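Residue-level structural notes
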Amino acid sequence: MKKTLTANISGTVFHIEEDAYDLMTRYLANIRSKFTGSVGADEIISDIESRIAELFTERLVGRQVVTVADVEHVIGVMGQPEDYLG
């Protein structure tokens with residue numbers, strides 16, 4: 001049995017395992033730090049979060065909880081923050 005949390009990503013509520021939540025939180029924090037001080041940073045981060053929410057929704061067909069594997073998949077699709085142009 002795993003502990004789950006509720007997370008709101010771009011207006012969509014997800015149930016997410018605690019370890020997956022920690023991984024996603026670190027990932028998003030790294031993205032935010034990459035764009036801190038950039039013109040349009042808020043909009044860029046909002047767009048990234050929207051895409052993450054779309055990817056989670058696509059993967060959750062028939063399931064209710066986001067797992068570490070789901071977060072790792074999203075990170076693989078989205079790329080690492082250092083890969084982004086800032």
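Just above sits the structure.
Throughout, residues of each chain are indexed from 1 in the direction in which the sequence is written. Local features are withheld for residues below a pLDDT of 70 in this predicted model, meaning they are given only at 70 or higher, and side-chain atom pairs are given and counted only at 80 or more; totals for whole chains, interfaces and linings count all residues. Values reported for side chains reflect all heavy atoms of the structure, with hydrogen atoms and water molecules removed beforehand.

1. Considerations on helix α3 (residues 68–78)
Condition: Only protein chains enter the calculation, and the probe is 1.4 Å; a residue is then buried if its accessible area is under 20% of its type maximum, exposed if over 50%, and partly exposed in between. To qualify as a helix, a DSSP run of H or I must reach at least 4 residues; to qualify as a strand, a run of E must reach at least 2; elements of each kind are numbered from the N terminus. The arc in question is formed by the directions pointing from the helix axis toward the C-beta atoms. Residues count as neighbours in contact if any of their non-hydrogen atoms are within 4.5 Å of one another.
What α3 keeps buried is the set D70, V71, V74, I75 and M78. The arc that holds every buried residue of α3, seen down its axis, measures 135°, which confines them to one face. For α3, the elements touching its buried residues are β2 (12–17), α1 (18–35), α2 (41–59) and β3 (65–66). G79, located one to two residues past α3, shows a positive phi value of around 90°.

2. Some thoughts on the sheet that holds β3
Convention followed: Paired strands are those between which DSSP finds at least two bridges. To obtain each axis, a line is fitted to C-alpha atoms, and for helices this fit is confined to the stretch in contact; angles are then taken between N-to-C directions over 0 to 180 degrees.
Read from one edge of the open sheet, 3 strands run β1-β2-β3, paired in mixed fashion. Either end of the sheet is taken by a strand with one partner, and the two such strands are β1 (4–9) and β3. Pairing analysis gives 2 bridges linking β2 to β3, with the strands arranged parallel. Across the sheet, H15 pairs through a bridge with V65, a residue of β3. Relative to β2, α1 is tilted by about 115°, and along the sheet it contacts β1, β2 and β3. Strands in contact with α2 are β1, β2 and β3; relative to β2, the strand with the most contacts, it is inclined by about 65°.

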